[in-house]
Amino acid sequence: MAGRMWLWCDGQEDDAAALSTRLGIPLCQTGEVGPSGQDAVFVWGSSRLPERWSALLSGRGPEAGEAAGLPWLLNANAARVAAMGPERLQRELEAAGLHAGGAAETGRLYRVAVGEGEPLLAHRIRSESWRKGMLAGSLASAIEEGGAGLPPSASTDSGGLPGSMPGFHAGANAGPAGLWRYAEDPAMRRSVRAALRAAYELGLDAAEVLVRAADGGRASIAGIRLPGCRRFLLAGEGKLAEAAAVPEAAAGLWSFLCSRIQGLLDASAQQDGPGIRIGADPEFVILRPDGKIHSASHLGGLSSPVGSDVLLTGRQIRQPVGELRPEPSATAQGLAENIRLLLLRASRRGASKPGMRLLAGAMPLPGLPLGGHVHLSGLPLTSRLLRVLDSYAAFPMALAEDPRGRARRPRYGTLGDSRPQPHGGFEYRTLPSWLVSPAAARYALAVSMLAAEESSRLNYLPSMDGRYVKAYYEGDKETLRECLPALRTALEKVPAYSRHQAWLEPFLDAVGSGASWDESRDLRIRWGIPVPEPISPT
């Protein structure tokens, strides 16, 4: 049976019943009854969560280890974000590798409404001085009516924004997915990407984001506004006159999001598909005896099972990184077998001479980050699933990293990094190359499969806690390790745990004791793959 959408207000709305009607979803009165673990709740404005939900989310209380009971909370971090001052908001965004402080910078200003990982609305905002100079023109008249180039329905949902410029609006299209990627304005594309990341890093699923796009190509977060709130929370020092003039987005914009979430809930309930399948494309590098990189170009084509990845350096195309592309499988075990067969092939083709090494991990060589992307299909991609993968896959992997791997973040390895795939599934791109050891590979594949199977039951989400997110990006293993006991307890409570236990526990035991992998060691030794011996002089 499919779940349903609910609204949680916590007294933040004068007429919550009317808002419920406008959004088209029922109002949750107390948070104690109504929504189940299969449902989703839209946390409106800066509402605080009921204590029971907060306890389950943070691994506290007698029910913290239960495998059911917590609905999918959209904007669970709303109250936390609302309490941030400008400096703290800027620090948190910059810790995740984003530029922030656009309120005090110059450049084009864009307003992006974000909903569940996609833009709902995006347009440029002109300055007050520009608009005063255009009042007599026909363009100014169109702008005052709600935004040149926007569909008629957008004038309501955009709040009739004075100074808005041509953009797009999700309500006028078949859906928002991918629209922004084809926007003619490169600055808008950069701004949308930055807005999506900013919302996700703050633990938000719905927000309006102001982004300053500088002429040099940098997109800087200027402010964040929660649904139902009148003012933007500015990032960093400075004032932003345009922010005060931006009307609040109408409920119609967020009702579109509610409909989309309901569609995801319906899709999650369907069991007539082929089932969940898992794939991967982990990377590795071949090192010559003299310590230089051996090109992976000869391993195979750019789409062959054993091949290479392209790196553009200046005007030169290089292929320094090898990549395995095994056949997907219905089980983590089946995929792991396919990976080992391809590793044997890669060893024979690319590292058959004595003294050569196959390396993996996060950054085995300075300036060369490697990824262990995991592909999942047969289920919808949701922010809930991504946060489960961040918590149960990315955090433990960060605990096992070689110290040199810390340099991979935040340019790579950002939380929630994902990409839709042509096969209908998606690619989770946050993890480093777990080819570094069989134990790491088994854990990465097994926990990804478990997350796909049990995302609605894994209540504890340390990736929603700013303290642990900060520790992840800074490489603070001591702090990050504090979430491990509650994380293990939550894993052990879900029904599918017993099927994956043998592949999960050894790795969790190791990272719990402080062990880490060595990225300088030939990975073939751990995988039991023969390593050519040096030829002894006769």
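Quick notes on the rules
- Residues numbered from 1 in each chain as written.
- Predicted model: local features only at pLDDT ≥ 70, side-chain atom pairs only at ≥ 80, totals over all residues.
- Heavy atoms only, no water.
- Phe/Tyr/Trp six-rings, centres within 6.5 Å; stacked < 30°, edge-to-face > 60°.
- Buried < 20%, exposed > 50% of the residue type's maximum accessible area, 1.4 Å probe, protein only.
- Lys NZ or Arg CZ within 6 Å of the ring centre and 35° of its normal.
- Pairing = 2+ DSSP bridges.
- Helix = DSSP H or I, 4+ residues; strand = E, 2+ residues; numbered from the N terminus.
- Axes fitted to C-alpha atoms, helices over the stretch in contact; angles between N-to-C directions.
- Contact = heavy atoms within 4.5 Å.
- Core = buried A, V, L, I, M, F, W, Y, C linked by side-chain atoms within 4.5 Å.
- pLDDT = per-residue confidence, 0-100.

(A) The packing of aromatic side chains, seen in detail. Within this structure, the stated rule accounts for five aromatic pairs. Judged by centre distance (5.5 Å) and plane angle (70 degrees), the ring pair of Phe-42 and Trp-44 falls under edge-to-face. There is no split in this pair, since Phe-42 and Trp-44 are both buried. Each residue in the set Phe-395, Tyr-472 and Tyr-473 is aromatic and connected to the rest through ring pairs, giving one cluster. Just above the ring of Trp-6 sits the side chain of Arg-4; from NZ or CZ to the centre is 5.1 Å. Just above the ring of Tyr-472 sits the side chain of Arg-409; from NZ or CZ to the centre is 4.4 Å.

(B) Structural detail: the sheet that holds strand β3 (residues 72-74). Pairing is parallel in the open sheet, where three strands are placed in the order β1-β2-β3. Of all the strands in the sheet, just β1 (5-8) and β3 have a single pairing partner and so form its edges. Averaged over neighbouring strand pairs, the angle between their axes works out to 25 degrees when direction is ignored. Taken together, the four bridges between β1 and strand β2 (residues 40-43) define a ladder with parallel strand orientation. In the strand pairing of β2, Trp-6 is matched with Val-41. Here helix α10 (residues 251-269) sits on the sheet and contacts β1, β2 and β3; the angle it forms with β2, its principal contact strand, is near 160 degrees.

(C) Looking closely at the nonpolar core. Counting residues in hydrophobic clusters, the biggest one holds 124 residues, and the most contacted among them are Tyr-392, Trp-434 and Leu-435. Sort the elements by how many residues they give to this core and helix α12 (residues 383-400) lands first, with 12 residues. Apart from residues lying up to four places away in sequence, Tyr-392 is in contact with Tyr-443, Val-447, Leu-458, Tyr-460, Leu-461, Leu-487, Ala-490 and Leu-491. Core analysis: the next-biggest nonpolar cluster, separate from the first, contains 25 residues, Phe-42, Leu-253, Cys-258 and Ile-261 among them.

(D) Highlighting the confidence of the model for the protein. Confidence in the prediction of the protein, expressed as mean pLDDT, is 85, and 84% of residues score 70 or more. Of all helices and strands in the protein, the one with the weakest mean pLDDT is helix α6 (residues 138-144) (33), whereas α12 scores best (98). Low confidence marks residues 129-166, where pLDDT is under 50. Its contacts with residues over four positions away, or in another chain, come to 71 contacts. A low-confidence stretch, residues 171-178 stays under pLDDT 50, and its non-local contacts, those more than four residues away or across chains, total 11 contacts.

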